[in-house]
Amino acid sequence: DVQLQASGGGLVQAGGSLRLSCEASGFSFDDYAIGWFRQVPGKEREGVSCINKRDGSTYYADPVKGRFTISSDNAKNTVYLQMNSLKPEDSALYYCAAELYNCLNTVTGGAMPYWGEGTLVTVSS
């Protein structure tokens, strides 16, 4: 079965850092882009970042540009999201998801075929 598991969330003060991990199994990891999404109750899900593991290209939503960095360890089938200079508005349940080849659906809001369990990030002010 295809599985994606996000981890690494927690409580952090504004200005602090967290590193989220997304461990994947059950599919050809290097053929899929991995996107990070976040959602808070009552608001729409937001695509945060994505990495195309075939060419190494990355995408960042405007609110996180310059603060978040996405990377991949293909040997571990794991994608990371390093989050620096965290703000209270970054607080959300963060999910990782997979789409074939590139980050098109992450960027445009299209459907993602595979979703993982979320990890909660809370940034205190």
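Our subject is the structure listed above.
A few points on the structure. (Residues numbered from 1 in each chain as written. Predicted model: local features only at pLDDT ≥ 70, side-chain atom pairs only at ≥ 80, totals over all residues. Heavy atoms only, no water.)

Right, let's get into the environment of Ser72. Considering the arrangement of structural elements, one finds Ser72 in strand E7 (residues 68–73). Judged by its relative accessible area of 26%, Ser72 is partly exposed. C-alpha separation for the pair Ser72 and Glu23, spaced 49 residues apart in sequence, amounts to 10 Å. In this view, Ser72 contacts Phe29, Ile51, Lys53, Thr78 and Val79; residues no more than four positions away in its chain are not counted. A distance of 2.6 Å separates polar atoms of two side chains, one belonging to Ser72 and the other to Asn74. (Helix = DSSP H or I, 4+ residues; strand = E, 2+ residues; numbered from the N terminus. Buried < 20%, exposed > 50% of the residue type's maximum accessible area, 1.4 Å probe, protein only. Contact = heavy atoms within 4.5 Å. Polar contact = N/O pair within 3.5 Å; in protein donor to acceptor, adjacent residues only side chain to side chain.)

Enumeration over the complete set of coordinates arrives at five aromatic pairs. Residues Phe27 and Tyr32 carry aromatic rings whose centres are separated by 4.9 Å and whose planes lie at 75 degrees to one another, so their mutual orientation is edge-to-face. What makes Phe27 buried here is its relative accessible area of 15%. The class of Tyr32 is buried, set by a relative accessible area of 15%. Judged by centre distance (6.3 Å) and plane angle (85 degrees), the rings of Tyr95 and Trp115 are edge-to-face. Residue Tyr95 is located in strand E9 (residues 92–100), and its partner Trp115 is located in strand E10 (residues 114–115); the two are separated by 20 residues in the primary sequence. Note on Trp115: relative accessible area 33%, which makes it partly exposed. Grouped by ring-pair contacts, the aromatic residues Phe27, Tyr32 and Tyr114 constitute a single cluster. Arg45 extends its terminal NZ or CZ atom over the ring of Phe37, reaching a point 5.8 Å from the ring centre. (Phe/Tyr/Trp six-rings, centres within 6.5 Å; stacked < 30°, edge-to-face > 60°. Lys NZ or Arg CZ within 6 Å of the ring centre and 35° of its normal.)

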